[in-house]
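A structural walkthrough
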Amino acid sequence: MKQGTVKFFNTTKGFGFVKETATGEEFFVHVSGLVDEIRENDAITFEVQQGKKGLNAVKVRLAN
């Protein structure tokens, strides 16, 4: 599991971006990849999976 923060998330459109803490790398996240509801600046854990246009954050959960 990677750790990071929510950089941007549009609840109306159902997508956004998260930033991994260790590398600073950003990943696309779609509402279908969420376990918990997220908002900007939330601390999260996630996994990365290949999507149609690159790597996507999936299994996104709020960090404990």
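Residues numbered from 1 in each chain as written. Predicted model: local features only at pLDDT ≥ 70, side-chain atom pairs only at ≥ 80, totals over all residues. Heavy atoms only, no water.

**Quick word on the overall build of the protein**
- Along the protein, the regular secondary structure elements total 0 helices and 5 strands.
- Secondary structure elements in the protein, listed N-terminal to C-terminal, are β-β-β-β-β.
- Counting only C-alpha atoms and orienting by the principal axes, one finds that the protein spans roughly 25 × 20 × 15 Å.
- Across the 64 residues in the protein, those meeting the buried criterion constitute 31%.
- Contacts spanning at least 24 positions in sequence make up 43% of the contacts within the protein whose residues lie at least 6 apart.
- Total accessible area on the protein stands at roughly 4400 Å², and carbon and sulfur atoms take up 47% of it.
- Here the protein holds 9 positive side-chain charges and 8 negative ones, and the gap between their average locations is 6 Å. (Helix = DSSP H or I, 4+ residues; strand = E, 2+ residues; numbered from the N terminus. Buried < 20%, exposed > 50% of the residue type's maximum accessible area, 1.4 Å probe, protein only. Contact = heavy atoms within 4.5 Å. Areas by Shrake-Rupley, 256 points an atom, 1.4 Å probe, with all protein chains shown as cover. Lys, Arg positive; Asp, Glu negative; His and termini not counted. Charge placed at Lys NZ, Arg CZ, Asp CG, Glu CD.)

**Here's the deal with the nonpolar core**
- Counting residues in each nonpolar core, the largest one holds 11 residues, listed as Val6, Phe9, Val18, Phe27, Val29, Leu34, Ile38, Ile44, Phe46, Ala57 and Val60.
- At the level of elements, β1 (2–10), β3 (26–30), β4 (43–51) and β5 (54–62) are the ones that each hand at least two residues to this core.
- If we ignore the near neighbours within four places in the chain, the residues touching Ile38 are Val6, Phe9, Ile44, Val60 and Leu62. (Core = buried A, V, L, I, M, F, W, Y, C linked by side-chain atoms within 4.5 Å.)

**Considering the pairing of β4**
- When β1 meets β4, the two strands line up antiparallel, connected through 4 bridges. Counted as the bridge partner of Gln3 is Thr45 from β4.
- Between the end of β4 and the start of β5, which pair antiparallel, lie 2 residues. (Pairing = 2+ DSSP bridges.)

**As for the pattern of salt bridges**
- Taken as a whole and judged by the stated rule, the model has 3 salt bridges.
- Lys7 is the salt-bridge partner of Glu26, the closest N and O atoms lying 2.6 Å from each other. Within this pair, whereas Glu26 is found in strand β3, its partner Lys7 is found in strand β1, the two being separated by 19 residues in sequence.
- In this structure Glu26 comes out as partly exposed when scored by relative accessible area, which is 37%.
- The partner of Lys59 in a salt bridge is Glu47, with the nearest N and O atoms 3.7 Å apart. (Salt bridge = Lys/Arg side-chain N within 4 Å of Asp/Glu carboxyl O.)

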